[in-house]
Amino acid sequence: GKLRLPGSIRVDNLYFSHFIQSLEILATPDALKFTETLAEKCRGEVIVRETLNEFIAWYQTYEIDFYDHTYEGRNTPLIQNWKQIFIEINDKQNLLSALSDSHHA
């Protein structure tokens, strides 16, 4: 690989000392460009994950408010605050659209 580590080194046994041993390799322009690109991809992955977690938390916890409408002895539950519901749905659609349009998705 890029760090020229022994084949026995895997993610589960990779330590900071392995990077220290590879400092000369990490200081080359190619390695610096690679690590910058990798760091940018990691930041993008965090943005995607946080955005999706925010969306999931919203739809799993959003509560719709009802009120009882009585007419001719019949009780019918009606949804309150339609406007607010559609505003929030639109906000979430815009959030997901922006995410899908970004270079991180």
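Above this note sits the structure.
Residues numbered from 1 in each chain as written. Predicted model: local features only at pLDDT ≥ 70, side-chain atom pairs only at ≥ 80, totals over all residues. Heavy atoms only, no water.

Participant: Describe the packing of aromatic side chains, and please don't skip the residues or the numbers.
Facilitator: Considering all chains together, one arrives at four aromatic pairs under this definition. When the ring of Phe55 is compared with that of Tyr59, the centres are 5.6 Å apart and the planes differ by 50°; the resulting orientation is tilted. Separated by four residues within a single helix, Phe55 and Tyr59 lie in helix 3 (residues 29-61), roughly one turn from each other. With a relative accessible area of 22%, Phe55 lands in the partly exposed category. For Tyr59, a relative accessible area of 46% gives the class partly exposed. Each ring, one from Trp58 and one from Tyr62, has its centre 5.2 Å from the other, and the planes form 40°; the classification is tilted. On the accessibility criterion, Trp58 (18% relative accessible area) is buried. Exposure remark for Tyr62: the relative accessible area of 26% places this residue in the partly exposed category. (Phe/Tyr/Trp six-rings, centres within 6.5 Å; stacked < 30°, edge-to-face > 60°. Helix = DSSP H or I, 4+ residues; strand = E, 2+ residues; numbered from the N terminus. Buried < 20%, exposed > 50% of the residue type's maximum accessible area, 1.4 Å probe, protein only.)

Participant: Please set out the packing of helix 3 against helix 4 (residues 82-101) residue by residue, giving values where relevant.
Facilitator: Where helix 3 meets helix 4, the closest approach of the two axes is 11 Å, and the angle between their N-to-C directions is 160°. With respect to helix 4, the axis of helix 3 lies roughly antiparallel. Crossing angle aside, the handedness with which helix 3 passes helix 4 is left-handed. In this structure, helix 3 contributes Val48, Thr51, Leu52, Glu54, Phe55 and Trp58 to the contact, and helix 4 contributes Glu88, Ile89, Lys92, Leu95, Leu96 and Leu99. Classifying every residue of the contact of helix 3 with helix 4 gives eight nonpolar, one polar and three charged. (Axes fitted to C-alpha atoms, helices over the stretch in contact; angles between N-to-C directions. Parallel < 35°, antiparallel > 145°, perpendicular 65-115°, else oblique. Left-handed = near helix turned anticlockwise from the far one by under 90°. Contact = heavy atoms within 4.5 Å. Nonpolar A, V, L, I, M, F, W, Y, C, P; charged D, E, K, R; others polar.)

Participant: So what's going on with the pattern of salt bridges? Residues and values would help.
Facilitator: Side-chain pairs of opposite charge can arise where the charged atoms are in close proximity. Counting across every chain of the model gives three salt bridges. A salt bridge links Glu45 to Arg49; its shortest N-O distance comes to 2.5 Å. Linking Glu45 with Arg49, this pair stays in helix 3, spanning four residues, or about one helical turn. Take Glu45: its relative accessible area is 47%, and that puts it in the partly exposed class. Lys92 is paired through a salt bridge with Glu54; the nearest N and O atoms lie 3.7 Å apart. You can see Lys92 sitting in helix 4 and its partner Glu54 sitting in helix 3, a full 38 residues away along the chain. Note on Lys92: relative accessible area 14%, which makes it buried. Using a relative accessible area of 42% as the deciding quantity, one classes Glu54 as partly exposed. (Salt bridge = Lys/Arg side-chain N within 4 Å of Asp/Glu carboxyl O.)

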